[in-house]
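These are the residues of each chain, in order.
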Amino acid sequence: MSVASALEPEVRAQTTRKAQRILGLYDKRCTGCRSCELACAAAKSGTYDLSQSRIRVVSSSVNSFSPVTCLQCARPRCLEVCPTGAIVKNADTGIVSVREEKCVGCAMCALACPYGGMHYSSRDAKVTKCDFCDGDPECVKACATGALEDVNVVPLVDTLYDREDLVSPGLSACLGCNAELLVRFTLKTLGRNVVFASGPSCIAGTGFVGYGPTTGAKVPTYHSLLDNYASMITGTKRYYDQIGKEFHAVCFAGDGGTADVGFQSLSAAAERGENIIYICYDNEGYMNTGIQRSGTTPRGAWTTTTPVGAQRRGKPQHKKDVALIMAMHDIPYVATANAAYLDDYYAKLKRAMEIKDGLSYIHLFSPCPTGWRFPTDKTIEVSRMAVETNFFPLWEADHGKFKINREVPFPKPVEQYLRLVGKYSHLNRAEIDEIQRDLDRRYKRLVALTEM
Amino acid sequence: MKEIRLHGRGGQGAVIASQILVNAFVIEGKYGNSMPFFGFERRGAPLSAFVRFDDRPIREKTQVYSPDCVIVVDPTLRSAVKVFDGLKGERIAVLNDRKAIDQIDLPESMPESVNKVGIVDATKIAIECIGVPITNTSMLGAFAATTGWVKLDSIVRSFELFLNPKLLEGNVKAARAAYEAVQVRELVTL
Amino acid sequence: MVTEQVKHTSNAARGVGKVTVMDGNKAAAYGALLSRVQVLAAYPITPQTPLVEYLSQFVADGALKADFVEVESEHSSLSVLHGASLAGARTFTATSGQGLALMYEPYNRTPTIRLPIVMGIATRDGISPQCVWGGHQDAINVRDAGWIQLFVEDNQEILDTVIMAYKIAEHPDVLLPVNVCYDGFYLSHMADRVEIPPQEIVDEFLPPYRPTHQILDPDNPMSIDPLTPNELFMEYRYKHLQALQRAKQVIADVDQEFASLFGRGYGGLIEKYRMDDAEIAIVGIGSPVGTARVAVDRARDEGKKIGLVKVRALRPFPREELVEALRNVRSVGVMDKNVCFGWGTGVLFMELRSAMLGVPKPPATVGFIDGLGGSDITMEHYARAIAIVDDSANGLAHQEITWLGLEEE
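For clarity, every value in this text was computed on a predicted model and none was experimentally measured.

So, how was this worked out
Residues numbered from 1 in each chain as written. Chains lettered and ligands numbered in written order. Predicted model: local features only at pLDDT ≥ 70, side-chain atom pairs only at ≥ 80, totals over all residues. Heavy atoms only, no water. Helix = DSSP H or I, 4+ residues; strand = E, 2+ residues; numbered from the N terminus. Rg over C-alpha atoms; globule rule 2.2 N^0.38 Å. Buried < 20%, exposed > 50% of the residue type's maximum accessible area, 1.4 Å probe, protein only. Contact = heavy atoms within 4.5 Å. Lys, Arg positive; Asp, Glu negative; His and termini not counted. Charge placed at Lys NZ, Arg CZ, Asp CG, Glu CD. Pairing = 2+ DSSP bridges. Buried area = accessible area lost by both parts, 1.4 Å probe. Salt bridge = Lys/Arg side-chain N within 4 Å of Asp/Glu carboxyl O. Axes fitted to C-alpha atoms, helices over the stretch in contact; angles between N-to-C directions. Polar contact = N/O pair within 3.5 Å; in protein donor to acceptor, adjacent residues only side chain to side chain. Phe/Tyr/Trp six-rings, centres within 6.5 Å; stacked < 30°, edge-to-face > 60°. Left-handed = near helix turned anticlockwise from the far one by under 90°. Nonpolar A, V, L, I, M, F, W, Y, C, P; charged D, E, K, R; others polar. Arc of directions from axis to C-beta. Core = buried A, V, L, I, M, F, W, Y, C linked by side-chain atoms within 4.5 Å. Right-handed = clockwise from strand over helix to strand, strands pointing away.

Colleague: What should I look at first to understand the overall build of chain A in this one?
Modeller: In terms of helices and strands, chain A carries 18 helices and 16 strands. Relative to the globule expectation of 22 Å for 452 residues, the C-alpha radius of gyration of chain A, 24 Å, shows essentially globular dimensions. Overall, the C-alpha framework of chain A stretches about 70 × 60 × 45 Å when taken along its three principal axes. Counting every position in chain A, which comprises 452 residues, the buried fraction comes to 56%. Considering only residue pairs separated by 6 or more positions, chain A has 66% of its internal contacts joining residues 24 or more positions apart. One finds the centroid of the 54 positive side-chain charges in chain A at a distance of 3 Å from the centroid of its 49 negative side-chain charges.

Have a look at this one:
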């Protein structure tokens with residue numbers, strides 16, 4: 001049985017763009033206190049019988065806990081496998097629920113759910129699951145450490161599950177590549193009505209534009225020069241504007257093509273007010289050619305051209321803040337984003353798509369396991385830590401109005417970020433302190449801009 | 001084919017005058033071209049421009065070394081630049097000078113290469129008609145009268161293509177005034 | 001493929017237009033205007049600057065319905081045209097000297113992604129020493145980038161050649177960009193009688209550009225210029241070179257068609273002047289050819305059996321046409337307004353010599369270098385050149401290469 005036919009009519013309609021809340025589960029904050037289980041059991045069964053809870057705390061090792069419950073999937077596996085049609089997804093709220101009268105207690109759903117979100121109640125011989133407590137989850141209220149949050153992520157779920165991946169499978173990116181995730185996500189969000197410029201950089205190196213007679217992208221794309229993304233796409237956009245053809249002109253460039261050799265054409269396109277979306281994925285160096293420094297390589301970072309030796313210890317200069325420089329062009333929209341906060345990036349990309357009065361610039365933080373020297377499964381962790389330390393704050397400037405999109409009330413010391421990334425492993429206490437001071441100074445400047 | 005060399009200083013419009021002249025010949029069904037001497041264009045610096053015209057297409061793409069006529073737009077240039085060099089044929093000099101022709105020692109003050117002079121106080125005419133001492137259009141009027149190679153009307157009609165419309169009236173007036181005022185004298189009977 | 005010149009002859013042609021006076025930059029701008037270009041991008045540089053101003057004014061006045069992108073560099077001007085041409089627009093730009101040098105990266109790429117862009121080069125010498133003046137060195141230096149390069153003699157030919165260049169570039173047998181090379185200052189700043197062809201006849205001659213080989217269009221997704229390895233790359237190059245060779249016929253045909261409509265033709269790849277019974281010849285390129293015509297006329301008046309061959313197309317090089325044109329002469333003098341570093345000659349001289357390889361009883365070839373840095377190629381210089389060619393034809397001692405104007409020193 002196909003997924004579509006398992007969906008009831010009103011449920012199928014849900015696969016449009018609609019906001020949905022789900023429980024955000026943050027295992028690092030979880031202390032294993034099980035207050036959530038107690039709160040859930042009390043709310044749903046009127047007892048403190050933990051077997052009645054629809055959320056579970058699991059422990060993978062000593063002192064490591066994870067809250068586990070239903071994620072209210074956009075395409076629920078449980079719904080797909082249910083033989084009686086007992087599981088439905090509400091078209092308005094997105095909540096997946098079990099119709100008790102139809103459930104035969106076969107527990108196929110519990111087997112199918114990859115997230116441990118379905119629970120078999122031996123008392124009732126039926127399955128139960130999180131129903132979001134009519135929009136006011138008791139577990140969230142009971143959690144003292146913030147391991148549970150009521151978060152709004154459904155546009156993402158929507159995008160990731162319902163939209164076609166416009167990048168063909170099998171790009172030859174490095175293991176753990178963040179840029180590949182970003183380009184797939186970017187195109188899923190943008191959709192097909194684009195012309196996409198991808199010049200010499202990691203993404204083009206993956207075969208995104210193509211290799212020989214094959215192509216890596218399902219949208220019109222071209223291999224721009226390293227230094228002419230913005231001017232080349234200007235020509236395309238101007239002509240289509242002239243003949244009344246609407247589309248999004250998008251550049252997806254690395255930091256070298258943006259901050260260094262291509263900056264002149266980008267700055268000029270911004271100054272001329274070209275209506276293009278320029279996205280820089282910043283992996284802080286020339287990673288495609290084997291880890292050479294760029295203008296966005298941060299201070300202290302090792303690269304093959306800023307090596308660590310007796311006389312020099314990594315890059316002596318600061319990272320060029322391209323997003324801020326672009327904001328000083330007085331263009332309509334500038335934002336920073338990061339794969340660890342895809343909902344934030346999604347919203348920013350959507351905003352950029354609305355902009356008609358000039359250039360939109362989005363600067364993506366893009367950790368590179370190969371070039372930065374960290375394990376390939378740590379990409380998102382590094383991305384998140386960059387925000388939690390204010391090393392890479394998430395902000396936007398919409399028509400000159402600056403806003404920090406994810407304030408970090410108690411930022412972690414930058415050392416915690418630096419220690420995750422091998423390119424900083426040589427740094428000593430004094431150097432780390434210097435980086436912290438510089439980071440604090442820059443963050444203050446950003447805050448000051450938001451207060452203008 | 002006749003060749004003309006204009007001498008002026010940057011800002012006096014000698015190059016535009018050369019183009020106006022070409023256009024005047026073309027209006028009369030002739031062929032013509034002009035090119036400036038290629039130097040750095042600075043206000044006040046001496047410069048020259050070269051004009052050729054003929055009943056047949058002009059093929060030469062060189063500077064003019066042996067002009068049939070020189071037009072000296074600025075009175076101070078005669079002491080600074082060899083403006084009369086290479087004159088051939090009718091050997092005409094059209095000069096901007098405050099002095100009336102009777103006040104100039106002729107032919108003694110002219111080099112032997114000059115056969116015929118046309119003298120006009122173009123600076124005075126320009127200030128009266130345009131309000132600024134830009135003498136190029138006055139000198140074209142004087143040129144038409146002195147040489148008879150082109151009709152004043154063809155010159156005046158060509159102003160439209162090269163001059164700011166707001167300045168047309170004054171320049172037409174200046175050209176006509178100079179056409180009337182220029183004093184011409186043959187120095188040698190050929 | 002070679003026709004004698006029929007300039008300003010046929011008043012019976014339908015395309016007789018308004019006669020006016022304009023400099024070479026304006027003539028190039030008019031060529032673009034009449035070709036109904038849709039996207040323009042240009043950055044000012046001496047001696048091309050007035051062209052940028054003329055085009056801006058055309059757009060400001062509404063005479064030209066096009067987007068003029070005021071770019072920050074020549075690198076960007078050609079890059080903007082890449083994007084526009086890939087979207088299907090007819091495009092135009094022009095540059096000179098250092099601007100062309102800065103443009104080198106997108107310049108090389110234009111023919112290799114087969115974009116039918118037309119670009120003027122107001123030729124200028126290369127620095128250093130510092131110099132803004134004439135010489136063909138800028139255009140000559142990029143002759144092997146894969147463009148078609150047409151050199152012109154006067155302002156009328158600039159205007160006409162820009163129009164013809166689109167027809168050549170967009171021809172399905174060609175699909176390559178075209179440079180219209182006109183001498184900096186000597187033509188760019190020369191005011192000359194020019195006839196502006198009527199728009200409706202130009203429209204008839206030059207239909208709108210409709211790309212069929214590639215397009216950047218969301219409705220028809222296509223990857224442009226993926227990584228292309230080994231044999232596939234070689235195949236691309238091979239086809240590019242084939243297209244350049246096919247362009248020879250197209251250039252000649254387009255010239256004939258232009259002549260039949262407008263009453264002016266330029267001979268296609270080369271033009272022969274007084275070559276019928278010539279025993280010696282001058283070969284030239286660009287604006288100095290004009291002066292050479294007069295020099296040849298004067299030498300004829302003195303009884304010399306001399307002719308002139310004007311090279312219009314430097315790329316593709318008119319090898320067979322030159323061999324045929326010079327078949328019966330004993331000696332040829334080549335006037336180069338450029339140098340061929342490493343050979344101690346001019347480039348046209350070297351290429352003509354290469355063309356003559358294997359030809360039975362080829363003419364003697366002597367070379368002249370003149371006109372560098374804006375120096376004037378005078379009638380006297382031509383007379384001197386003709387005397388040397390004559391010496392060579394008569395077996396007298398002579399220099400192989402003469403730097404005219406430097407001889408006295």
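Here the narrative resumes.
Colleague: I tried to follow the overall build of chain B on my own but got confused; where do I start?
Modeller: Scanning chain B from N- to C-terminus turns up 5 helices and 7 strands. By the compact-globule yardstick of 16 Å for 190 residues, chain B fits well, its C-alpha radius of gyration being 15 Å. Overall size of chain B, expressed as C-alpha extent along the three principal axes, is 40 × 40 × 35 Å. Within chain B, buried positions represent 56% of all 190 residues. Separation between the mean location of the 24 positive side-chain charges and that of the 22 negative ones in chain B comes to 4 Å.

Colleague: Explanation requested: the side chain of C:Gln137 in the structure shown.
Modeller: With respect to the element layout, C:Gln137 can be found in helix 6 (residues 137-141). Note on C:Gln137: relative accessible area 4%, which makes it buried.

Colleague: What should I look at first to understand the pairing of strand 8 (residues 191-196) of chain C in this one?
Modeller: Each regular strand displays side chains that alternate between the two surfaces of the sheet. Across the 6 residues of strand 8 of chain C, 6 count as buried, placing the element largely inside the fold. Relative to strand 8 of chain C, strand 2 (residues 31-36) of chain B runs antiparallel, the two sharing 2 bridges. Bridging from a neighbouring strand, B:Ser34 pairs with C:Ala191 of strand 8 of chain C. Direction of pairing for strand 1 (residues 18-22) of chain C relative to strand 8 of chain C: antiparallel, over a ladder of 5 bridges. Looking at the pairing, C:Met22 lines up with C:Asp192 of strand 8 of chain C.

Colleague: Help me understand the interface of chain B and chain C, please; the structure alone is not making it clear to me.
Modeller: Where interface size is given, it is often the accessible area lost as the parts come together that is meant. Listed per partner, the contact involves 23 residues of chain B and 27 residues of chain C. Taking both sides of the interface into account, the surface hidden between chain B and chain C amounts to around 2,200 Å²; carbon and sulfur atoms contribute 62%. Of all residues in chain B, B:Phe38, B:Arg59 and B:Lys61 bury the most surface against chain C, accounting for 35% of the area lost on that side. Between C:Asp154 and B:Arg59 there is a salt bridge, with its nearest N and O atoms 3.8 Å apart.

Colleague: Help me understand the sheet that holds strand 11 (residues 248-254) of chain A in this model?
Modeller: Strand pairing in a sheet relies on backbone hydrogen bonds. The paired strands run either parallel or antiparallel. One open sheet accounts for 9 strands, arranged 16(A)-15(A)-13(A)-14(A)-12(A)-11(A)-9(A)-10(A)-9(C); its pairing is mixed. At either end of the open sheet lies a strand with only one pairing partner, and these are strand 16 (401-404) of chain A together with strand 9 (223-224) of chain C. Direction of pairing for strand 12 (residues 277-282) of chain A relative to strand 14 (residues 360-365) of chain A: parallel, over a ladder of 6 bridges. Within strand 14 of chain A, the position partnered with A:Tyr278 by the bridge is A:Tyr361. Taken strand by strand, helix 10 (residues 229-242) of chain A contacts strand 9 (194-197), strand 10 (221-222), strand 11 and strand 12 of chain A, and its axis lies near 170° from that of strand 11 of chain A.

Colleague: Please explain the interface of chain A and chain C as it appears in this structure.
Modeller: Facing 39 residues of chain A, the contacting portion of chain C comprises 40 residues. Across the interface of chain A and chain C, roughly 3,000 Å² is buried in total on both sides, 57% from carbon and sulfur atoms. The partner of C:Glu72 in a salt bridge is A:Arg272, and the shortest N-O contact between them spans 3.9 Å. Here chain A is connected to chain C by 20 residue pairs in polar contact (both at pLDDT 80 or more). Of all the secondary-structure elements, those providing two or more residues to the side of chain A that touches chain C are strand 9, strand 10, helix 10 and helix 12 (263-272) of chain A.

Colleague: Help me out: how do you make sense of the packing of aromatic side chains in this one?
Modeller: Two descriptors summarise a pair of aromatic rings, namely the distance from one centre to the other and the angle between the planes of the rings. Residue and element names in this part refer to chain A. Across all of its chains, the model carries 25 aromatic pairs over all chains by this definition. Measuring from centroid to centroid gives 5.8 Å for Phe196 and Phe252, while their planes differ by 25°, and the two rings are stacked. One end of the pair, Phe196, is in strand 9; the other, Phe252, is in strand 11, and 56 residues separate them in sequence. Accessibility assignment for this pair places Phe196 and Phe252 in one class, buried.

Colleague: Looking at this structure, how should I read the sheet that holds strand 8 of chain C?
Modeller: Strand order in this open sheet of 9 strands is 7(B)-6(B)-5(B)-4(B)-1(B)-3(B)-2(B)-8(C)-1(C), and the pairing throughout is mixed. Among the strands making up the open sheet, the edge pair consists of strand 7 (183-186) of chain B together with strand 1 of chain C. Taking each pair of neighbouring strands and ignoring which way they run, the sheet shows an average axis angle of 20°. In terms of strand pairing, strand 1 (residues 2-9) of chain B meets strand 4 (residues 69-72) of chain B through 4 bridges, oriented parallel. Counterpart to B:Arg5 in the pairing with strand 4 of chain B is B:Val70. Across the sheet, helix 3 (residues 136-147) of chain B lies against strand 1, strand 4, strand 5 (92-96), strand 6 (116-120) and strand 7 of chain B, angled at about 145° from strand 5 of chain B, the strand it touches most. Where helix 7 (residues 155-169) of chain C meets the sheet, it contacts strand 1 and strand 8 of chain C, and its direction lies at approximately 40° from that of strand 8 of chain C.

Colleague: Teacher, can you tell me more about unusual backbone geometry here?
Modeller: In terms of backbone geometry, most residues other than glycine have negative phi values and most peptide bonds are trans. Residues and elements named next belong to chain C. Here the bond from Thr46 into Pro47 is cis, since omega is 0°, no more than 30 degrees from zero. Tracing the chain through its elements places Pro47 in the loop between strand 2 (39-41) and helix 2 (49-61). Cis geometry is found at the peptide bond from Ile127 to Ser128, where omega equals 0°. Tracing the backbone through its elements, the reader meets Ser128 in the loop between strand 5 (118-123) and helix 6.

Colleague: When you look at the pattern of salt bridges in this model, what are you seeing that I'm missing?
Modeller: Note on pairing: side chains with opposite charge can pair once their charged atoms come close. All names here are of chain A. If you walk through the whole model with that rule in mind, you get 72 salt bridges over all chains. Close ionic contact of Lys218 with Glu164 constitutes a salt bridge, the shortest N to O distance being 3.7 Å. One end of the pair, Lys218, is in the loop between helix 9 (202-205) and strand 10; the other, Glu164, is in the loop between helix 7 (154-162) and helix 8 (178-190), and 54 residues separate them in sequence. Judged by relative accessible area, Glu164 falls into the partly exposed class, the value being 38%.

Colleague: Explain the packing of helix 3 of chain B against helix 5 (residues 168-181) of chain B here, please?
Modeller: The relative placement of two packed helices comes down to the angle between their axes together with the axis-to-axis distance. Residue and element names in this part refer to chain B. Relative to each other, helix 3 and helix 5 sit at 35°, their axes nearing to 7 Å. The way helix 3 lies across helix 5 gives a crossing that is right-handed. Seen from helix 3, the contacting residues are Thr137, Ser138, Gly141, Ala142, Ala144 and Ala145; seen from helix 5, they are Asn171, Ala174, Ala175, Ala178 and Tyr179. Residues belonging to the contact of helix 3 with helix 5 are distributed by class as follows: 7 nonpolar, 4 polar and no charged.

Colleague: When you look at helix 2 (residues 122-129) of chain B in this model, what are you seeing that I'm missing?
Modeller: Because each turn of an α-helix spans 3.6 residues, side chains separated by three or four positions end up pointing in the same direction. Residues and elements named next belong to chain B. Those residues of helix 2 lying buried are Ala122, Ile125, Ala126 and Cys129. Buried residues of helix 2, seen end-on, are gathered within an arc of 100° and therefore sit on one face of the element. With respect to the buried face of helix 2, the exposed residues turned more than 90 degrees away are Lys124 and Glu128. In this structure, the buried residues of helix 2 make contact with strand 5, strand 6, helix 3 and helix 5. With its phi angle positive at about 95°, Gly131 sits one or two positions after the end of helix 2.

Colleague: Any chance you could explain the nonpolar core here in plain terms?
Modeller: Across soluble globular proteins, you tend to see nonpolar side chains buried next to one another. In terms of nonpolar packing, the biggest core is built from 162 residues, with A:Tyr361 and C:Phe92 touching the most fellow members. Membership of the second largest hydrophobic core comes to 61 residues, among which are A:Val167, A:Ala179, A:Phe185 and A:Phe391.

Colleague: For this particular structure, what's the right way to read the pairing of strand 7 (residues 178-183) of chain C?
Modeller: Residue and element names in this part refer to chain C. For strand 7, the buried fraction is high: 6 of the 6 residues fall into the buried class. Every second residue of strand 7 is oriented toward a common face, with Val178, Val180 and Tyr182 on one face and Asn179, Cys181 and Asp183 on the other, all of them buried. Where strand 5 and strand 7 come together, 6 bridges link them in parallel fashion. Note that in strand 7 the partner of Ala122 across the bridge is Tyr182. Across 4 bridges, strand 6 (residues 148-151) lies against strand 7 in parallel orientation. When the bridges of strand 7 are listed, Leu150 appears paired with Val180. Note that the unit made of strand 6, helix 7 and strand 7 has a crossover that is right-handed.

Colleague: What should I look at first to understand the arrangement of the chains in this one?
Modeller: By contact count, the leading pair among the 2 pairs of chains in contact is chains A and C. Contact between chain A and chain B is absent, and the least distance between their C-alpha atoms amounts to 29 Å.

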